[in-house]
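Tertiary structure, described
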Amino acid sequence: APVIGVLGLQGDSREHLAALRAAGAEAVVVRRPEELASVHGLVLPGGESTVIDKLLRVFELREPLVRRIREGLPVYGSCAGMILLADRLLDGTRDQQTLGGLDVTVRRNAFGRQVDSFETDLEITGVSDRAWPDPDGAAAAVAPGPVHAVFIRAPWVEEAGPDVEALGVVPAGPAAGTIVAVRAGNLLATSFHPEITGDTRVHRLFAEIVRAA
Ligand code: GLN
């Protein structure tokens, strides 16, 4: 069975591990190059992208990770993870680098400061049309419906290349129409944090991408 890694340098890796396991996937923490080499997919968690960027270099994970992304490794980036996947970054710190791979321009802290964190329900292509938890599981399935999305100092996708599919936009309010979920091939990214809501559908979508790769 495919094994999905969760980058465990900084951020909410524990919540992603739990969400992946609840989605039926085998999941392990990745902190060393040997661990990265053994996984079939990787989650870049939420946290602080500037810190994760620095630690990727300290832990000598940056180069092998950039290489594996180029080779087609499935990667799901949530919040700070979306920033790390972006080819182009706005409002990063002066020396901040991304890994790249996803043909998007992402604006960091786009919705404002910490006090501007917010929650909203979203339609996400390939996600909100699923029942959950897993219909095969023992627990009573919840009918398909919008994803309850939690945004914490979140980035947004300001511009997306021709091969990037926008999976979801903010439905209302001052940021209405802003892209907050994207997919391009094996790369998936969300501005929000499905790992903290108990809704495993985004992780199930990612596990399917990993299985198909
Ligand atoms: N603002 C953070 C950053 O710049 C992202 C926040 C998050 O991951 N919840 O990396």
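Calculation rules
Residues numbered from 1 in each chain as written. Predicted model: local features only at pLDDT ≥ 70, side-chain atom pairs only at ≥ 80, totals over all residues. UniProt positions renumbered as here; feature names shortened; annotations may be inferred. Helix = DSSP H or I, 4+ residues; strand = E, 2+ residues; numbered from the N terminus. Rg over C-alpha atoms; globule rule 2.2 N^0.38 Å. Buried ≥ 20, exposed ≤ 12 C-beta atoms within 10 Å, placed from the backbone. Contact = placed C-beta atoms within 7 Å.

In the annotation of an unreviewed UniProt entry, the entry for the protein chain reads Pyridoxal 5'-phosphate synthase subunit PdxT, and the organism field reads Pseudokineococcus marinus. Entered under Function (unreviewed entry) in the UniProt record, the comment concerning the protein chain runs "Catalyzes the hydrolysis of glutamine to glutamate and ammonia as part of the biosynthesis of pyridoxal 5'-phosphate. The resulting ammonia molecule is channeled to the active site of PdxS."

Re the overall build of the protein chain
Helix and strand content of the protein chain: 6 helices and 12 strands. For 213 residues, the compact-globule formula gives about 17 Å, and the C-alpha radius of gyration of the protein chain, at 16 Å, lands near that figure. For the protein chain, the spread of C-alpha atoms along the three principal axes comes to 45 × 45 × 35 Å. For the protein chain, with 213 residues in total, the buried portion stands at 48%. A separation threshold of at least 6 residues defines the contact pool for the protein chain, and within that pool the share at least 24 residues apart is 66%.

Quick notes on the UniProt feature "binding site: L-glutamine" (unreviewed entry) in the protein chain
According to UniProt, the positions carrying the feature "binding site: L-glutamine" (unreviewed entry) are G47, E48, S49, R108, I152 and R153. Over a stretch of 107 residues, the named residues converge on one spot in the fold, their C-alpha atoms separated by at most 12.8 Å. Secondary-structure assignment places E48 in the loop between β3 (41–44) and α3 (49–58). Residue E48 is classed as partly exposed on the basis of its 15 C-beta neighbours within 10 Å. Residues contacting E48, with those up to four places away along its chain left out, are Q10 and A80. Relative to the elements of secondary structure, S49 occurs in helix α3. Excluding anything up to four places from it in sequence, S49 contacts A80, I83, L84, Q96 and R108.

Quick word on unusual backbone geometry
The phi dihedral of N109 is positive, around 50°, even though this residue is not glycine. Its location among the elements puts N109 in the loop between β6 (102–107) and β7 (118–122). Judged by local crowding, N109 falls into the partly exposed class, with 17 C-beta atoms found within 10 Å. Despite not being glycine, R153 has its phi angle at roughly 45°, a positive value. Take R153: it is sitting in the loop between β8 (147–151) and β9 (156–160).

Concerning the UniProt feature "active site" (unreviewed entry) in the protein chain
UniProt tags C79, H193 and E195 as "active site" (unreviewed entry). Across 117 residues in sequence, these annotated residues keep their C-alpha atoms within 11.0 Å of one another, forming a single compact spot. Structurally, the position occupied by C79 is in the loop between β4 (75–78) and α5 (80–85). A count of 28 C-beta atoms within 10 Å places C79 in the buried class. The exposure class assigned to E195 is buried, which follows from the 28 C-beta atoms found within 10 Å. Look past the residues within four positions of E195 in its chain and what remains in contact with it is D12, E15, H16, A19 and S78.

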